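Secondary and tertiary structure notes
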Amino acid sequence: MVYHSSFIDEEGISKACGCPLLPLKSHIKGPAPVSEQDTTDIVDEAITFFRANVFFKNFDIKSSSDKLLIYLTLYINIALKRLEGCRTLAEGTKAIINLGLETVPVPGESGFPFPGLFTAAQSKKEAELFRNYLRQIREETSGRLLSVAYRHNGTPNKWWLAFAKRKFMNMILP
């Protein structure tokens with residue numbers, strides 16, 4: 001059974017491209033609302049559920065927050081593939097920073113991994129809002145992923161990096 005997001009379409013949450021812009025426990029500047037530090041956010045859920053959800057070929061969407069969980073699961077998979085060859089935390093940090101510098105495609109643009117999952121942006125303003133939100137959530141996910149993919153002494157955690165070999169939803173990643 002696939003793990004779903006606990007963020008069920010809450011009132012007052014704005015959306016862009018059919019995706020809720022959920023609050024984040026983040027210090028990174030961006031359009032996401034700020035969440036309290038002692039609560040669980042969508043990034044925590046994505047990292048927690050990643051090792052179980054990556055085994056599934058299909059993902060039944062129960063809420064629009066599940067779309068964001070799917071996107072983050074794929075992003076974590078891509079990030080782990082980049083970290084696979086990095087033997088120290090410093091090398092891993094450099095690889096993650098390079099991943100963060102790549103352009104972030106939005107629905108309707110070539111290179112977006114889930115063309116049918118999200119709706120295309122209705123305006124340039126909505127596209128930029130969603131691009132900035134995805135950039136912010138990717139940066140936040142990358143930072144938190146480094147803390148689980150590497151031990152405190154800076155060596156790789158094989159129990160996490162072993163999942164870099166998995167294909168999420170049979171997608172072939174770049």
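Summarised in this report is the structure supplied together with it. (Residues numbered from 1 in each chain as written. Predicted model: local features only at pLDDT ≥ 70, side-chain atom pairs only at ≥ 80, totals over all residues. Heavy atoms only, no water.)

Below, the discussion takes up helix α3 (residues 89-101). End to end, α3 covers 18 Å across 13 residues, agreeing with the expected 18 Å (1.5 Å per residue, within 8%). If you check which residues of α3 are buried, you get Gly92, Ala95, Ile96 and Leu99. Angularly, the buried residues of α3 cover 95° about the axis, an arc narrow enough to put them on a single face. Turned more than 90 degrees away from the buried face of α3, the exposed residues are Ala90, Lys94 and Leu101. (Helix = DSSP H or I, 4+ residues; strand = E, 2+ residues; numbered from the N terminus. Expected span 1.5 Å × (residues − 1). Buried < 20%, exposed > 50% of the residue type's maximum accessible area, 1.4 Å probe, protein only. Arc of directions from axis to C-beta.)

Before going further, it helps to examine the layout of surface pockets. Taken as a whole, the second largest pocket holds about 170 Å³ of empty space. As for the second largest pocket, its lining consists of 13 residues, of which Ile96, Ile97, Gly100, Glu139 and Ser142 are closest to the centre. Mapped by element, the contributors of at least two residues to the lining of the second largest pocket are α3 and α4 (124-149). For the lining of the second largest pocket, the element with the highest residue contribution is α4, accounting for 6 residues. In terms of residue class, the lining of the second largest pocket is made up of 6 nonpolar, 4 polar and 3 charged. (1 Å grid on protein atoms, 1.4 Å probe; cavity = no way out; pocket = protein on both sides within 12 Å on 5 of 7 lines; lining within 4 Å. Points joined across faces, edges and corners; volume = space filled by probe spheres on them. Nonpolar A, V, L, I, M, F, W, Y, C, P; charged D, E, K, R; others polar.)

At a closest axis distance of 10 Å, the pairing of α3 and α4 adopts a crossing angle of 170°. The orientation of α3 with respect to α4, classified from their angle, is roughly antiparallel. Crossing hand, α3 versus α4: right-handed. Counting all contacts with α3, which are made through Leu89, Gly92, Thr93, Ile96 and Leu99, the residues of α4 involved are Arg138, Ser142 and Leu146. Here the contact of α3 with α4 is composed, by residue class, of 4 nonpolar, 3 polar and 1 charged. (Axes fitted to C-alpha atoms, helices over the stretch in contact; angles between N-to-C directions. Parallel < 35°, antiparallel > 145°, perpendicular 65-115°, else oblique. Left-handed = near helix turned anticlockwise from the far one by under 90°. Contact = heavy atoms within 4.5 Å.)

Before going further, it helps to spend a moment on the packing of aromatic side chains. Summed over all chains, the structure comprises 6 aromatic pairs. Note on Phe50 and Trp160: the rings are 6.0 Å apart at their centroids and 15° apart in plane angle, and the pair reads as stacked. A residue pair is termed long-range when its members are at least 10 positions apart, and Phe50 in helix α1 (residues 42-53) and Trp160 in helix α5 (residues 158-161) qualify at 110 residues. According to the relative accessible area criterion, Phe50 is buried, its value standing at 0%. The class for Trp160 is buried, based on a relative accessible area of 6%. Ring centres of Phe112 and Phe118 lie 5.6 Å apart, and the angle between their planes is 75°; this geometry places the pair in the edge-to-face category. Through pairs of rings, three or more aromatic residues link up here, namely Phe50, Phe55, Trp160 and Phe163. (Phe/Tyr/Trp six-rings, centres within 6.5 Å; stacked < 30°, edge-to-face > 60°.)

To continue, consider the environment of Pro113. Relative to the helices and strands, Pro113 resides in the loop between α3 and α4. Here Pro113 falls in the partly exposed class, since its relative accessible area comes to 26%. In this structure the C-alpha to C-alpha distance between Pro113 and Tyr133, which are 20 residues apart in sequence, comes to 16 Å.

In this structure, Ile42, Leu68, Leu80, Leu83, Phe130 and Ile137 are the most contacted members of the largest nonpolar core, which totals 52 residues. Sorting the residues of this core by element identifies α1, α2 (64-83), α3, α4 and α5 as the ones contributing at least two each. The leading source of residues in this core is α2, at 12 residues. The contacts of Ile137, once residues within four sequence positions are left out, are Leu24, Ile42, Val43, Leu68 and Leu72. (Core = buried A, V, L, I, M, F, W, Y, C linked by side-chain atoms within 4.5 Å.)

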